[in-house]
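Listed below, chain by chain, are the residues.
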Amino acid sequence: MIHCDRYHPLMAPTAPISELNTDFSSPEATARPWPDVERVLTTAEMFWISTVRADGRPHVTPIPAVWHDNALHICTGDREQKARNLDHDAHCVLTTGTPSIDTGLDVIVEGTARRVTDRDRLATLAALWKERLNWDFQVGEDSFSDDGGRKGLVFAVSPAKILAFGKGEPYSQTRFRFPR
């Protein structure tokens, strides 16, 4: 059984719809509030990105990410495997959480990566990388670059679905869907 909860109609139209999966939650569990999940997305420094190689094999690697404007933003070198994978298939999954089994909140973001090339948006994101992760990026014509002149492609992963796993009593599994 799934319990659905829509956010208040005065909230932004991009606010997700939450659904508690009661099959995988403690009997007294409720859907995790979106602000709890958004706090994890905003404060987490490291995520794991899962992409698919051209031959169908999975590729998983840690990567810093910045949550901004309802999307996770990543930066990867233009010659890195994940960049080649996203060029072939833009679907990906980003995960973050805690190593504990009975405390914390694990969050999984499923979505499609889209290149960010707008200089104003890149400047905003570079400032956020500096503020949140203390990483210095210069904004190029359509990408970031670092002090060594290496090109960093920036992608925005807008979630199609987010899963949040509350650990510890009550255990909960909440799915967030984003109206299009």
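Residues numbered from 1 in each chain as written. Predicted model: local features only at pLDDT ≥ 70, side-chain atom pairs only at ≥ 80, totals over all residues. Heavy atoms only, no water.

### Some details on helix α1 (residues 34-43)
Now for step 1: Buried residues of α1: W34, V37, V40 and L41, and no others. Looking straight down α1, one finds its buried side chains confined to an arc of 125 degrees; they lie on one side. (Buried < 20%, exposed > 50% of the residue type's maximum accessible area, 1.4 Å probe, protein only. Helix = DSSP H or I, 4+ residues; strand = E, 2+ residues; numbered from the N terminus. Arc of directions from axis to C-beta.)

### Things to note about the packing of aromatic side chains
Now for step 1: Taken as a whole and assessed by the stated rule, the structure comprises 7 aromatic pairs.
Now for step 2: On the numbers, 5.5 Å between centres and 90 degrees between planes, the contact of W129 with F144 is edge-to-face. A residue pair is termed long-range when its members are at least 10 positions apart, and W129 in helix α3 (residues 119-133) and F144 in strand β10 (residues 144-145) qualify at 15 residues. Pair check on accessibility: W129 and F144 agree, each one buried.
Now for step 3: These aromatic residues form a ring-pair network of at least three members: W34, W67, F176 and F178. (Phe/Tyr/Trp six-rings, centres within 6.5 Å; stacked < 30°, edge-to-face > 60°.)

### Side note on the environment of V109
Now for step 1: Secondary-structure assignment places V109 in strand β8 (residues 105-116).
Now for step 2: V109 sits 53 residues away from I162 along the chain, and the two C-alpha atoms are 4.6 Å apart.
Now for step 3: Residues within four places of V109 in sequence aside, it is in contact with L41, L72, C92, V93, L94, P159, K161 and I162. (Contact = heavy atoms within 4.5 Å.)

### Some points on the environment of S158
Now for step 1: Summarising the element assignment, S158 is placed in strand β11 (residues 151-166).
Now for step 2: Take S158: its relative accessible area is 35%, and that puts it in the partly exposed class.
Now for step 3: Remark: the alpha-carbon pair of S158 and Q138, spanning 20 residues in sequence, is separated by 24 Å.

### Some details on the nonpolar core
Now for step 1: Counting residues in each nonpolar core, the largest one holds 27 residues, and the members touching the most others are V37, L41, L94 and I162.
Now for step 2: Residue contributions to this core peak at 5 residues, all from β11.
Now for step 3: Non-local contacts of L41, meaning those with residues more than four positions away in its chain, are made with W34, F47, W67, L72, V107, V109 and I162.
Now for step 4: Grouped together as the second largest cluster of nonpolar side chains are 14 residues, V66, L125, L133 and V154 included. (Core = buried A, V, L, I, M, F, W, Y, C linked by side-chain atoms within 4.5 Å.)

### What to know about the side chain of S25
Now for step 1: Positionally, S25 belongs in the loop between β2 (17-21) and α1.
Now for step 2: A polar contact of 2.8 Å, which involves the side chain of S25, links it to the backbone oxygen of N21.
Now for step 3: Within polar-contact distance, the side chain of S25 engages the backbone nitrogen of Q173 at 2.9 Å.
Now for step 4: Non-local contacts of S25, meaning those with residues more than four positions away in its chain, are made with L20, Y171, S172 and Q173. (Polar contact = N/O pair within 3.5 Å; in protein donor to acceptor, adjacent residues only side chain to side chain.)

### Here we look at the pattern of salt bridges
Now for step 1: If you walk through the whole model with that rule in mind, you get 11 salt bridges.
Now for step 2: Between R57 and D55 there is a salt bridge whose closest N-O contact spans 2.8 Å.
Now for step 3: Judged by its relative accessible area of 53%, D55 is exposed.
Now for step 4: A salt bridge links K161 to E110; its shortest N-O distance comes to 3.8 Å. Taken together, the residues K161 in strand β11 and E110 in strand β8 connect sequence positions 51 residues apart.
Now for step 5: One network of salt bridges, in which partners are shared, links E19, R175 and R177. (Salt bridge = Lys/Arg side-chain N within 4 Å of Asp/Glu carboxyl O.)

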